[in-house]
Structures are given as structure tokens and as C-alpha cells.
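For reference, the chains in residue letters:
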Number of protein chains: 2
Amino acid sequence: MSRILVVDDEKDIVELVSLHLQREGHEVVSVGNGLAVLPMAVKTAPDLIVLDIMLPGIDGVQVHRRLRADTRTRHIPVIMLTARAQTNDRIAGLESGADDYLTKPFSPRELMLRIGAVLRRSQKVVMLAEQRIGEFLLDRKNMSLSISGKLVELTITELKLITTLMANPDVIHSRSELLSAVWGYADDTHSRTLDTHIKRLRDKLGDHGRHIGTLRRQGYLFQSVVGELTDA
Amino acid sequence: MSRILVVDDEKDIVELVSLHLQREGHEVVSVGNGLAVLPMAVKTAPDLIVLDIMLPGIDGVQVHRRLRADTRTRHIPVIMLTARAQTNDRIAGLESGADDYLTKPFSPRELMLRIGAVLRRSQKVVMLAEQRIGEFLLDRKNMSLSISGKLVELTITELKLITTLMANPDVIHSRSELLSAVWGYADDTHSRTLDTHIKRLRDKLGDHGRHIGTLRRQGYLFQSVVGELTDA
DNA sequence: TGTTTGGGTGACGAGACTGTGACGGCAGGA
DNA sequence: TCCTGCCGTCACAGTCTCGTCACCCAAACA
């Protein structure tokens, strides 16, 4: 299911862990030398790294830092294995920003559970850095909107509003949905707040404000095509 | 190289276009019936669709709308083929939000050029919807930052600032770089503006403010690990 | 046609946000 | 040790932003 890189110089541990991981359907890559971790991680692009803090030559924290410093390995979650005796390692493991840690000796079952948890947690959700609908270009990276290449100056509220609408163009967004997405309100569907911001947004968009449609008693929507409202 | 769906009821055109596309290393799928476009697009997930506006039964604009209305095909760029005689189609092709259009008859070379341009333009840049560094969780979707699950209320300026810093943790961001990224300033490296916002940000982060480090005469950085400054 | 309901619009005041200048302090170099 | 340059900190005033209210208008409905 996932590819996991196990870093430990103790062959027994590597074998034990590998066995359990493979039994759960994971692919295992292993390395015993700390200096080989980064190259191996780059080469195999694992979904998770199990990293022993005690390694000959270079310690795990250093290895972890190098992984974090490299763009290619930065996003890979790491579970630290620390020795029971060294309480400091425990702290180091956490402080170094590892996604989780485990104290040796550990039960394979616990490691499996933690790996499962971290993998679940690290299911990265990707989004488009830029979204283009007709003349509209939403730049999520720079948190800005431009129309036909011209930057439109929006306040944070307006930006959140149009971002929500543009996330699903031609789909009706109810008042409560928008209030929830932009303001975090539970319901309160009565005030004029939403209407006012819709108006401000439309004004700033000028002619293109027509892309924001109203469906009476239903909500608002961003229309990718202006004209009559889509019959959807 | 790319998979391209060609939609036209004229077999000559389909063959001509296919020939040229294949010559450039593209994979070609074709459909003659407008109603079959959406299912085919869903099935084959092409990187681009060349769509004739004149189709028997259902016209290209309608087909385009359906493609746009479906989440699975929404992001696929479309090049419209319009007939010379119908000037209105030309406008319809543009207004419908097609990524480009071409008037029949066209030279295969021009179509190839436009396809190349659209493909290049549509190389979607993906980003992580959430970025996690230690206790920090940057939610780009909701434009918010939380630390250990607790939401930190930031102004738009502060948010842009920490977003920029967190985009490349443990990397020094010069004053001019930050001023440019957050404020769009060209240089103006002298005012206290940046310092003030850095301070406000640190204050709001509380203890975690220590993650924002200062490198005298060099700039600021987001440290994934607190303690001494990284020697990088 | 009259009534009801829901959205559009404009104005306004409270409060938030921002950029700046003054000043102090620390670090690095002479 | 002193000096200089750079950053931290603070206070402040101007501006922006936001939510609300009152009122108007149009659509839906009886």
C-alpha cells in the first residue's frame, strides 16, 4: 500500500519491522547508515520514514534535519525511534519536529498503529495553486484574484467569499454554506451581512460581477458563463 | 506525450488532426457525436479536448458547458473549432470560456501550435492544501493557521508573511524578498514596516514565536526546529 | 391585482489594521 | 572599549473594513 523507509543499524529491528510492514501490504526499503538516508529517500520517495535516533556516525536528529532541509524529502513524515534510557532523545525526537516517536523497546503492534495513524494523517490533499475560470484567475499562492491579468484588490472577506464560490463554479452555494465557509457561523441566515459582501464583491468586479448569480431562496453561485442563469 | 480528445463529426478533419498529433507524440482519442463527449472524456481523462462547435444534434457550446459542469472534466482545457462563416460562433467560442479557438478552415500547423500553447499554459501547479511543520498547521484552503490544533487569528498581512516564511522553512528570506512577496514592494528595505509585522506575528504566536528567527543583515526565517539557529 | 417574502442598496459608526517615526538596545567590528 | 549599524519595541493616527440598520425593489404567490 505505502512505501516505507526503515532506518536502523540493528538488523534484527529492521527485519522485525519489515516483516510486520510487509504483512500489512507495505513496501519496505531499509538503510543502516545515516548518511545514506537522504539519497535513499530521494531515490525511493517513500511515504514515511521510520528513523532510529541512535545511528553510528550521525545521529537521527541530524538525519532528520537534513531530510527537512531538502525540498525533495521535506514532506515525508518521520517516526523516530528513541532509546528508553535516553530521556533526552525523547524530547529531541519531538522537538526535531518528527511526526511521532516511539521508545525502544516497542511492540511491533504499536509501531504499526502509529504508522497507520501518521500515514492517515499525512494523506496530503493537493489543490491547484492557480484556478482559472474564464477571465478569472484565482492565485491561491499569493491570495489574490486577477481578471484578464489585472489584479483586483479584495479584502480578506471578499477573497474568502469568491474563493468559496469559485471552488465549485456553476454550483449553488446556500447562504448557510457561505456563512459557514467564510465566517464560520453555524446558521444565522438572516442578517444582511452576506448580501452586503456579495454586493461589494460585485462592485469591485465591475462588469464581471455578473458572474456572481443569485438564486432566490437558494443561494449564490459563480457562473463560468454569463448570460441567463444555467438551467442546472 | 499528452492524451488529446478530438471531437468532430467530419472524419477527414479527425484523421488529419490525429495524424499531426500522433506525429508529435500525442495519444489521440476521437468522438463524432456530441453526446458521447462527456462519457468519453470521463473515461479517457484527456489532457486537452479539441471541440468542433458544429456538431449534429448538440452544438459544441452545449457540450463545453456540460464538460465544465462536471467535476471530473472541469479542468480539462478545450480548444474550440468554429466555422468561418459564423462569426457569432467565434464569439460564442470565446464567451463559453474555451481556452482557445480556431476558425475553420485552419492549418494543421496552427492547431499544433495552439495545442502546444494551451498544454503549456495548463500545466497545473499543484500545492499542498495543508502544510504542517511541527506544531504549525497552515491551512491554505481556509487561509488560516493553527498551532497544536488551536486556531491563531491572523490578519491578512500576517498570514501572507508567515505563509511566505513557511513556504521554505529553515531558509533565509531577505527583507526585500519578504517585502516583495507580502507587499509587492520593489525594494524599500528601510522602513520599520517589516519588523513591526514580524513582531506582531511573534506576539500572536506566543511561545512559538521563537520559530521565527532573525539573521542579522540577512533576513528572517521560519525555523522548523527551535533552539540555536541552524548552521545552514 | 394585492400581498408577502427575500434580496439589493446606501449610509454609518465602531473597531481593526496598517505604516511610520522615535527611541532604545544589542551585536559585530575597529 | 567604543562606535556604528541593524533590529526590537512602542505609540499613534489615518485609513480601511465590517456588520448592521433602514429602506427599496422585484419576484413569487394567492
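Residues numbered from 1 in each chain as written. Chains lettered and ligands numbered in written order. Predicted model: local features only at pLDDT ≥ 70, side-chain atom pairs only at ≥ 80, totals over all residues. Heavy atoms only, no water.

**Re helix α6 (residues 156–167) of chain A**
Then, in step 1: A rise of 1.5 Å per residue sets the reference length of α6(A), with its 12 residues, at 16 Å; its end C-alpha atoms lie 16 Å apart and thus fit the reference within 8%.
Then, in step 2: Every buried residue belonging to α6(A) is among A:T157, A:E158, A:L159, A:L161, A:I162, A:T163, A:T164, A:L165 and A:M166, and all of these are buried. (Helix = DSSP H or I, 4+ residues; strand = E, 2+ residues; numbered from the N terminus. Expected span 1.5 Å × (residues − 1). Buried < 20%, exposed > 50% of the residue type's maximum accessible area, 1.4 Å probe, protein only.)

**What about the pattern of salt bridges?**
Then, in step 1: Scanning the model with the defined rule gives 10 salt bridges over all chains in all.
Then, in step 2: A salt bridge links B:D195 to B:R192; its shortest N-O distance comes to 3.2 Å.
Then, in step 3: For B:D203, the salt bridge identified is with B:K199, shortest N-O distance 2.7 Å. Of the two residues, B:D203 and B:K199 both sit in helix α8 (residues 193–205), four residues apart, roughly one turn of that helix.
Then, in step 4: Judged by relative accessible area, which is 49%, B:D203 ranks as partly exposed.
Then, in step 5: Sharing partners across several salt bridges, the network here consists of A:R175, A:R192 and A:D195. (Salt bridge = Lys/Arg side-chain N within 4 Å of Asp/Glu carboxyl O.)

**Observations concerning the packing of helix α6 (residues 156–167) of chain B against α8(B)**
Each pair of packed helices can be summarised by the angle the axes make with each other and by the distance between the axes.
Residue and element names in this part refer to chain B.
Then, in step 1: Running from N to C, α6 and α8 cross one another at 90°; their axes reach a closest spacing of 10 Å. For the element pair α6 / α8, the angle class is roughly perpendicular. Every residue of α8 that contacts α6 at T157, E158, L161, I162 and L165 is listed here: L194, H197, I198, R200, L201, K204 and L205.
Then, in step 2: Grouping the constituent residues of the contact of α6 with α8 by class yields seven nonpolar, two polar and three charged. (Axes fitted to C-alpha atoms, helices over the stretch in contact; angles between N-to-C directions. Parallel < 35°, antiparallel > 145°, perpendicular 65-115°, else oblique. Contact = heavy atoms within 4.5 Å. Nonpolar A, V, L, I, M, F, W, Y, C, P; charged D, E, K, R; others polar.)

**Some remarks on the sheet that holds strand β5 (residues 100–104) of chain B**
Residue and element names in this part refer to chain B.
Then, in step 1: Spatially, β2-β1-β3-β4-β5 is the arrangement adopted by the five strands of the open sheet, whose pairing is parallel. Two strands in the sheet have a free side with no partner beyond their single neighbour: β2 (27–31) and β5. Averaged over neighbouring strand pairs, the angle between their axes works out to 20° when direction is ignored.
Then, in step 2: One ladder, built from four bridges, connects strand β1 (residues 3–7) with strand β3 (residues 48–52); its direction is parallel. Bridged to L5 within β3 is I49.
Then, in step 3: Against the sheet, helix α3 (residues 60–69) contacts β3 and β4 (78–83), and its axis sits at roughly 170° relative to β4. (Pairing = 2+ DSSP bridges.)

**Quick word on the nonpolar core**
Then, in step 1: Core analysis: the largest hydrophobic core is formed by 46 residues, its most contacted members being A:L145, A:I162, A:L205, B:L145, B:I162 and B:L205.
Then, in step 2: The contact partners of B:L205, leaving out residues within four places of it in the chain, are B:F136, B:L145, B:I147, B:V152, B:I162 and B:I212. (Core = buried A, V, L, I, M, F, W, Y, C linked by side-chain atoms within 4.5 Å.)

**What to know about the sheet that holds strand β8 (residues 136–139) of chain A**
Residues and elements named next belong to chain A.
Then, in step 1: With antiparallel pairing, the four strands of this open sheet are ordered in space as β7-β8-β9-β10. Two strands close off the open sheet at either side, each with one partner strand: β7 (130–133) and β10 (150–152). Put simply, the sheet's adjacent strands are angled 25° from each other on average, direction ignored.
Then, in step 2: Taken together, the four bridges between β8 and strand β9 (residues 144–147) define a ladder with antiparallel strand orientation. Bridge assignment links D139 to a residue of β9, and that residue is S144.
Then, in step 3: Lying on the sheet, α6 is in contact with β7, β8 and β9; it crosses β8 at an angle near 115°.

**Details of the protein's contact with DNA strand D**
Then, in step 1: Among the 21 residues in the neighbourhood of DNA strand D, the closest are listed as A:T157, A:R200, B:R216, B:R217 and B:Y220.
Then, in step 2: Expressed as a percentage, the sugar and phosphate content of the atoms of DNA strand D within 4 Å of the protein is 59%.
Then, in step 3: At a separation of 3.0 Å, a phosphate oxygen of DNA strand D approaches a polar side-chain atom of B:R202.
Then, in step 4: Of all the secondary-structure elements, those providing two or more residues to the surface near DNA strand D are α6 and α8 (193–205) of chain A together with α8 of chain B.
Then, in step 5: Its residues assigned to classes, the surface near DNA strand D comprises three nonpolar, eight polar and 10 charged. (Near = heavy atom within 4 Å. Polar contact = N/O pair within 3.5 Å; in protein donor to acceptor, adjacent residues only side chain to side chain.)

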